[in-house]
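A closer look at the structure
Residues per chain, in single letters:
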Amino acid sequence: MIQLENITKTYSGKAKVNALKGISLTIEDGEIFGIIGKSGAGKSTLVRCINMLEKPTEGKVIIDDKDLTLLSEAQLREERKHIGMIFQHFNLLSSRTVFDNIAFPLELAGASKEAIQKKVSDLLELVQLTDRKYNYPAQLSGGQKQRVGIARALAGDPKILLCDEATSALDPQTTKSILELLQDINKRLGITIVLITHEMSVIKDICHRVAVIEGGVIKESGRVVDVFSN
Ligand code: ADP
Ligand code: ADP
């Protein structure tokens with residue numbers, strides 16, 4: 001379970017920005033939870049607080065009863081192994097093949113060559129890119145690149161997958177296929193998915209519950225059918 005308790009985030013640059021103003025949320029294990037809001041609402045900041053890539057100014061981030069805000073950087077690196085993330089622009093390494101992109105986190109974790117072979121082969125099959133393993137990112141379509149991003153995010157067997165506008169750079173047809181893949185991963189592997197988007201259709205297609213964020217505040221939250229019934 002993910003519990004966000006009264007999270008605030010103030011960016012202190014030339015001008016102070018109160019990006020999050022007291023956000024509290026509970027996300028259950030195995031849920032697909034959507035966070036929707038306009039550009040600048042605070043979605044990206046919020047999702048990055050879940051894996052502590054952004055440190056909240058105040059509040060608690062509790063995952064399975066552990067408060068991440070109390071951990072050292074070394075402890076956080078351990079926790080992040082159980083939290084995968086995918087991005088709008090995929091963030092693949094252009095000089096590495098599909099296989100080597102997916103293998104990258106496993107190499108960093110010191111996995112054996114055999115373990116890497118097995119794991120990457122399984123993941124390639126899951127995202128249906130086995131025939132593309134020797135291609136470079138530039139040789140792939142957007143949808144294929146995001147599949148590589150998903151496979152890489154799953155390499156560490158995470159219990160949580162964070163999706164930051166993961167379909168915003170894709171056309172509607174490709175978006176649909178990526179959402180189906182995420183749904184399949186949620187069902188088959190039981191991974192909790194937190195998905196941020198500015199697109200209502202994405203929320204309606206796959207999310208169980210949703211929070212609407214505006215100006216760093218949650219305006220409404222609940223089951224998708226209830227929040228968007230009218
Ligand atoms: P969203 O993902 O909903 O577009 P963000 O979380 O990216 O929203 O941004 C929320 C607010 O915080 C915006 O006003 C944005 O300009 C500001 N912001 C985001 N990141 C930074 C940063 N690193 N430094 C200063 N302000 C930031
Ligand atoms: P999608 O529906 O996934 O967006 P595209 O229409 O972009 O697919 O691409 C169709 C096919 O063309 C894909 O199999 C993809 O691998 C291939 N392809 C797309 N861009 C390139 C490229 N720059 N170099 C080589 N193959 C490409």
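In this report, the structure presented in the accompanying data block is examined. Just so it is clear, the structure is predicted and the values come from calculations on it, not from any experiment.

Points about empty space enclosed by the protein
- All chains considered together, the criterion is met by 1 cavity of 30 Å³ or more.
- In this structure, the largest cavity spans a volume of roughly 50 Å³.
- Together, Cys163, Glu165, Ala166, Thr167, Leu179, Leu182, Leu195, Ile196, Thr197 and Val202 line the largest cavity.
- Counting residues per element, the ones that place at least two in the lining of the largest cavity are helix H6 (172-189) and strand S8 (192-197).
- Here the element with the most residues in the lining of the largest cavity is S8; it accounts for 3 residues.
- Across the lining of the largest cavity, the residue classes break down as 7 nonpolar, 2 polar and 1 charged.

Brief notes about helix H1 (residues 43-50)
- Among the 8 residues in H1, 6 count as buried, and that is most of the element.
- For H1, the full list of buried residues reads Lys43, Thr45, Leu46, Val47, Cys49 and Ile50.
- Phi turns positive one or two residues past the end of H1, at Met52, with a value near 65°.

With respect to the side chain of Asn51
- Checked against the element boundaries, Asn51 lands in the loop between H1 and strand S4 (58-63).
- Classification of Asn51 by relative accessible area gives buried; the value is 4%.
- Excluding its chain neighbours within four sequence positions, the residues that come into contact with Asn51 are Arg80, Ile83, Met85 and Leu162.

As for the sheet that holds strand S6 (residues 83-87)
- Taken in spatial order, the 6 strands make up an open sheet running S6-S7-S8-S3-S9-S10, and their pairing is mixed. Every other strand in the sheet has two partners, leaving S6 and strand S10 (217-223) as the edge strands with one partner each. Along the sheet, successive strands turn relative to each other by an average axial angle of 15°, direction set aside.

Conventions we followed
- Starting afresh in each chain, residues are numbered from 1 along the sequence in its written order.
- Working convention: letters from A go to chains and numbers from 1 go to ligands, in the order in which they are written.
- Only residues with pLDDT of 70 or above have their local features reported here, since the model is predicted, and side-chain atom pairs are shown and tallied only from 80 upward, although totals for entire chains, interfaces and linings are computed over all residues.
- As a rule here, side-chain values come from all non-hydrogen atoms in the structure, and water together with hydrogens is ignored.
- We place a 1 Å grid over just the protein atoms. Points where a 1.4 Å probe fits but has no way out form a cavity, open points with protein on both sides within 12 Å along at least 5 of 7 lines form a pocket, and any residue with an atom within 4 Å of a point lines it.
- Grid points are joined across faces, edges and corners, and a volume is the space filled by probe spheres set on the points.
- Working definition: helices are DSSP H or I runs of at least four residues, strands are E runs of at least two. Numbering for both runs from the N terminus.
- Polarity classes work like this: nonpolar for Ala, Val, Leu, Ile, Met, Phe, Trp, Tyr, Cys and Pro, charged for Asp, Glu, Lys and Arg, and polar for all others, with Gly in that last group.
- Exposed residues in this analysis have more than 50% of their type's maximum accessible area, buried residues have under 20%, and partly exposed residues fall in between, with area computed by a 1.4 Å probe over protein chains only.
- The contact criterion used is simple: two residues touch if any of their non-hydrogen atoms lie within 4.5 Å.
- In this analysis, strands are considered paired if DSSP registers two or more bridges between them.
- Every axis in this analysis is a line fitted to C-alpha atoms, fitted for helices over the stretch in contact. Angles between the N-to-C directions lie between 0 and 180 degrees.

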